[in-house]
Amino acid sequence: MAQIPREAGRPVFTDYGRLSASCKTALHQFQTGEMVHAYLLTGARGLGKRTFARLLASALFCTSETDEKPCGVCEGCRRVWDDNEPDVISLFADDGKQIGVDRVRDVIRAVGQHSFGTGYRVVLIEPVEKMTPQAQNCLLKSLEEPVARVVFLLMTHELTATLGTIASRCARIKMRPWPDELMTETLTRMGCDPARIPTAVGLAGGNIGMALEVLNGDGLEEKDRDFLTDALSLQNDADVLKVSTRLKDQRETADQYLILLENALHQALLAKAGLLPEGALAQYPAAWRACLPQADEAGLNRMLDAVFLARKRRAGQVNWQSTVDQLMMTILEEQKTWRQS
């Protein structure tokens, strides 16, 4: 998923304190050198976890004399943002493959050596759930016996897949959905097409990465369009099984899919109320748009409630298979009612 573009050595958006109190607290700790040894950034993919982690690291290496660190223009900030700071070690699973124990051991050996500069070392790991069980246990030993002046910034898209013993040894930073006005402001500063920003914000549901993907392409990604087409065109139990299986097998992107579904239902409600212009739902499946005139607000709200409940149960580690099946059956029953009417 797209990262927030940067300018002059740092991202366009840096005021993460406007997103959550935990972000504000963490940034202050890095600015003042009062960090704990490990942080765990949680939240759906695309909320800006990696960008914020780098922002925290740059605050630690910033050489500006002002209190507004990171400045984004000093040599220390530039080295972090250009991946040229040897004391910032990154361990990412960008290729989608698992992070094995040998890679974690290499990182632990590296942080055990003398630093190259100020004495601090920062380790960025994303996502934690891509680490094998052996790799997570290896990391756990370092968290239990922290090395002085070494800070771990761990990121997870799927908290339930992270060892509880790792999570319990980290300060938690929960990345929250972006308010529409803040996302609009940030996308405008990035120079995005003002005419397309409202549509992207509406589709993104508070996810800045998703909004950037919409703006950088021709709309939703093919996999996202396919999911919406299937989820909003249910005809029978076989269709329910197809969509449920996708959500079960792709747990990492399940939050993103549920957000897309929630946004579609919300926009349908706005369209029913006459608050969206004609054609605003054009990106949604034809079968869905065809039955919307027969839909009532109560039915749409029941579907929204079902999506909300699914997201809540997922965060609470309730049986995921049962949760997905219940959600899809609710959507099927409502669409059947509309078609029959």
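So, a few notes on the structure that sits alongside this text. (Residues numbered from 1 in each chain as written. Predicted model: local features only at pLDDT ≥ 70, side-chain atom pairs only at ≥ 80, totals over all residues. Heavy atoms only, no water.)

## Details of the pairing of strand β4 (residues 88-92)
Thinking step 1. Of all the five residues making up β4, four are buried; the element is thus mostly covered by neighbouring parts of the structure.
Thinking step 2. For β4 and strand β5 (residues 121-126), the ladder comprises five bridges, and the chain directions are parallel. By the bridge assignment, V88 is partnered in β5 with V122. (Buried < 20%, exposed > 50% of the residue type's maximum accessible area, 1.4 Å probe, protein only. Helix = DSSP H or I, 4+ residues; strand = E, 2+ residues; numbered from the N terminus. Pairing = 2+ DSSP bridges.)

## As for the pattern of salt bridges
Thinking step 1. Tallied over the entire structure, the rule returns 14 salt bridges.
Thinking step 2. Between R54 and D83 there is a salt bridge; the shortest N-O distance is 2.9 Å. Placement of R54 in helix α2 (residues 49-61) and of D83 in the loop between α3 (75-81) and β4 is noted, with a sequence separation of 29 residues between them.
Thinking step 3. A salt bridge links D102 to R105; its shortest N-O distance comes to 3.5 Å. Residue D102 and its partner R105 are located together in helix α4 (residues 101-111), separated by three residues, close to a single helical turn. (Salt bridge = Lys/Arg side-chain N within 4 Å of Asp/Glu carboxyl O.)

## What to know about helix α10 (residues 222-231)
Thinking step 1. Turning to α10, its buried residues number three or more, namely D224, F227, L228, D230 and A231. Along the axis of α10, the buried residues cluster in a sector spanning 165 degrees; they form a single face.
Thinking step 2. Of the surrounding secondary structure, the elements contacted by the buried residues of α10 are α11 (237-249), α12 (254-272) and α15 (320-340). (Arc of directions from axis to C-beta. Contact = heavy atoms within 4.5 Å.)

## Quick word on the packing of aromatic side chains
Thinking step 1. With the rule as written, the count across this model stands at six aromatic pairs.
Thinking step 2. Ring centres of F13 and W178 lie 4.7 Å apart, and the angle between their planes is 50 degrees; this geometry places the pair in the tilted category. Here F13, found in the loop between β2 (10-11) and α1 (21-32), pairs with W178, found in the loop between β7 (171-174) and α7 (180-189); they are 165 residues apart in sequence, far enough to count as distant.
Thinking step 3. On the accessibility criterion, F13 (2% relative accessible area) is buried.
Thinking step 4. Of the residues examined, W178 reaches a relative accessible area of 2% and is grouped as buried.
Thinking step 5. Considering the side-chain rings of Y16 and F52, the 4.7 Å spacing of their centres and the 35 degrees angle between planes classify their relative orientation as tilted. On the criterion of sequence distance, the pair formed by Y16 in the loop between β2 and α1 and F52 in helix α2 is long-range, its members being 36 residues apart.
Thinking step 6. The class for F52 is buried, based on a relative accessible area of 0%.
Thinking step 7. An aromatic cluster of three or more residues is present, and its members are F13, Y16, F52 and W178.
Thinking step 8. Positioned above the aromatic ring of F92 is the side chain of R50, whose terminal nitrogen or guanidinium carbon lies 3.7 Å from the ring centre. (Phe/Tyr/Trp six-rings, centres within 6.5 Å; stacked < 30°, edge-to-face > 60°. Lys NZ or Arg CZ within 6 Å of the ring centre and 35° of its normal.)

## Looking at the nonpolar core
Thinking step 1. Counting 87 residues, the largest nonpolar core has F52, L187, L261, W288 and M328 as its most contacted members.
Thinking step 2. Per element, the largest residue contribution to this core is ten residues, and it comes from α12.
Thinking step 3. Ignoring any residue separated from it by four or fewer positions in sequence, one finds M328 in contact with L234, V240, V243, S244, L247 and L261.
Thinking step 4. Counting 25 residues, the second-largest nonpolar core is a separate cluster that includes I125, V128, F152 and A167. (Core = buried A, V, L, I, M, F, W, Y, C linked by side-chain atoms within 4.5 Å.)

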